[in-house]
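Chain by chain, the residues:
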Amino acid sequence: MTSKTRIPIQLQINGYLHELEVEPRVTLLDALRDHLGLTGTKKGCDQGQCGACTVHVDGQRVLACLTLAAQAEGRAITSIEGLANGDGTLHAVQAAFLEQDAFQCGYCTPGQIMSAVACIREGHTGSDDEIREYMAGNLCRCGAYPHIVAAVRQAALEVASSMETAS
Ligand code: FES
Ligand code: FES
């Protein structure tokens with residue numbers, strides 16, 4: 001197999017199945033951005049050091065730049081475009097980022113938000129220090145960190161109270 005050989009893969013993204021043919025070396029990040037037109041997931045480094053490419057695979061946060069598209073076959077992928085409800089209502093974390101001014105240029109924001117959703121799901125929101133530690137894999141050169149912590153804290157409380165209401 002030469003490096004130009006393409007392989008057919010099926011990716012389940014935000015609830016939809018996509019069929020594509022890519023070279024085996026293509027990352028999930030490039031598959032999303034260049035092959036499927038889902039450009040919300042950003043490339044800040046392509047080396048696993050910035051977190052701008054964070055998406056969910058089977059509910060876990062992963063760096064799409066270090067994940068081959070082929071590795072994600074058969075798994076449930078969620079990108080920032082799939083986070084809001086079908087009716088367009090923002091996810092609690094998206095709304096909290098708006099309310100707390102947790103972004104400036106917005107380039108790190110999709111990765112921050114995907115990471116924050118997972119951070120809350122993982123239960124790492126017990127204190128501001130814990131939020132800072134478990135959000136440390138997402139760099140923000142605009143320095144929005146204090147607002148990001150406030151947004152994650154707010155969203156964690158909202159998610160917890162909505163789960164209480166639901167139960
Ligand atoms: S682009 Fe993936 S960690 Fe920076
Ligand atoms: S908002 Fe600009 S890098 Fe974070």
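It should be noted that the structure appears before, not after, this text.
What you see is a predicted model, and the numbers here were worked out from it, not measured in a lab. In every chain, residue numbers begin from 1 and rise along the written sequence. For naming, the first written chain is A and the first written ligand is 1, with later ones following in the order written. Selection of residues for local features in this predicted model requires a pLDDT of at least 70, selection of side-chain atom pairs for listing and counting requires 80 or more, and totals for whole chains, interfaces and linings are taken over all residues. In computing side-chain values, all of the structure's heavy atoms are included and hydrogens and water are not.

Here we look at the pairing of strand E4 (residues 60-63)
Our working definition: In short, DSSP must find at least two bridges between two strands for them to pair. A helix here means a DSSP run of H or I that spans at least four residues, while a strand means a run of E at least two residues long, and both kinds are numbered starting from the N terminus.
With 4 bridges connecting them, strand E3 (residues 54-57) and E4 associate as antiparallel partners. The partner of Val55 across the bridge, within E4, is Val62.

Observations concerning the sheet that holds E4
Stated formally: In this analysis, axes come from line fits to C-alpha atoms, helices being fitted only over the stretch in contact, and the angle between any two N-to-C directions falls in the range 0 to 180 degrees.
Reading across the sheet, the 5 strands line up as E2-E1-E5-E3-E4 and stay open at both edges, with mixed pairing between neighbours. The open sheet is flanked by strand E2 (16-22) and E4, the only strands paired with a single partner. Between one strand and the next, the sheet's axes are offset by a mean angle of 40°, whatever the strand orientation. Direction of pairing for E3 relative to strand E5 (residues 76-78): antiparallel, over a ladder of 2 bridges.

Details of the layout of surface pockets
Where we set the bar: We place a 1 Å grid over just the protein atoms. Points where a 1.4 Å probe fits but has no way out form a cavity, open points with protein on both sides within 12 Å along at least 5 of 7 lines form a pocket, and any residue with an atom within 4 Å of a point lines it. Grid points are joined across faces, edges and corners, and a volume is the space filled by probe spheres set on the points. Residue ranges labeled as domains rest on an automatic or database domain assignment.
Considering only enclosed or pocket space, the largest pocket measures out at about 230 Å³ in volume. Along its surface, the largest pocket is lined by Gly44, Cys50, Ala52, Cys105, Tyr107, Cys108, Leu139, Cys140, Arg141 and Cys142. Taken together, domain 1 (7-82) and domain 2 (92-166) each give at least three residues to the lining of the largest pocket, which thus spans both.

Considering the pairing of strand E1 (residues 7-13)
The pairing of E1 with E2 spans 7 bridges and is antiparallel. Within the sheet, the bridge partner assigned to Ile13 lies in E2 and is Tyr16. Between E1 and E2, which pair antiparallel and follow one another directly, the connecting turn spans 2 residues, one of which, Asn14, has a positive phi of 50°. Relative to E5, E1 is paired through 2 bridges, and the arrangement is parallel. When the bridges of E5 are listed, Ile13 appears paired with Ile77.

Remarks on unusual backbone geometry
Our working rule: Note on exposure labels: buried denotes an accessible area under 20% of the residue type's maximum, exposed denotes more than 50%, and partly exposed covers the range between, all computed with a 1.4 Å probe on protein chains only.
Unlike most non-glycine residues, Asp58 shows phi in positive territory, near 50°. With respect to the element layout, Asp58 can be found in the loop between E3 and E4. For Asp58, a relative accessible area of 43% corresponds to the partly exposed category. Even without a glycine there, the phi angle at Asp101 is positive, about 50°. In this fold, Asp101 is placed in the loop between helix H2 (92-99) and helix H3 (109-122). Classification of Asp101 by relative accessible area gives exposed; the value is 53%.

Details of the environment of Gln71
Selection criterion: Each polar contact in these results corresponds to two N or O atoms within 3.5 Å; when the atoms are within protein, one needs to be able to donate a hydrogen and the other to accept it, and residues that are neighboring in sequence are counted only if both atoms are side-chain atoms.
You can see Gln71 is positioned in the loop between E4 and E5. Polar side-chain contacts of Gln71 include one of 2.6 Å to the backbone nitrogen of Leu68.

Let's talk about the packing of H2 against helix H5 (residues 145-166)
Using the following cut-off: Orientation is classified from the angle alone, with under 35 degrees giving roughly parallel, over 145 giving roughly antiparallel, 65 to 115 giving roughly perpendicular, and any other angle giving oblique. Handedness of a helix crossing follows the sense of rotation of the near helix relative to the far helix, less than a right angle counterclockwise being left-handed and clockwise being right-handed. Pairs of residues are marked as contacts when any of their non-hydrogen atoms sit within 4.5 Å. Throughout this entry, Asp, Glu, Lys and Arg are counted as charged residues, while Ala, Val, Leu, Ile, Met, Phe, Trp, Tyr, Cys and Pro are counted as nonpolar. The remaining residues, Gly among them, count as polar.
Contact geometry of H2 with H5 gives a least axis separation of 8 Å together with a crossing angle of 140°. As judged from the angle between their axes, H2 and H5 are oblique. As for how H2 packs across H5, the hand of that crossing is right-handed. Each of Ala92, Val93, Ala96, Phe97 and Glu99 in H2 lies in contact with H5, whose residues at this interface are Ile148, Ala151, Val152, Gln154, Ala155, Glu158 and Val159. Considered class by class, the residues forming the contact of H2 with H5 number 9 nonpolar, 1 polar and 2 charged.

Without other data, these values stay purely geometric and don't point to any function.
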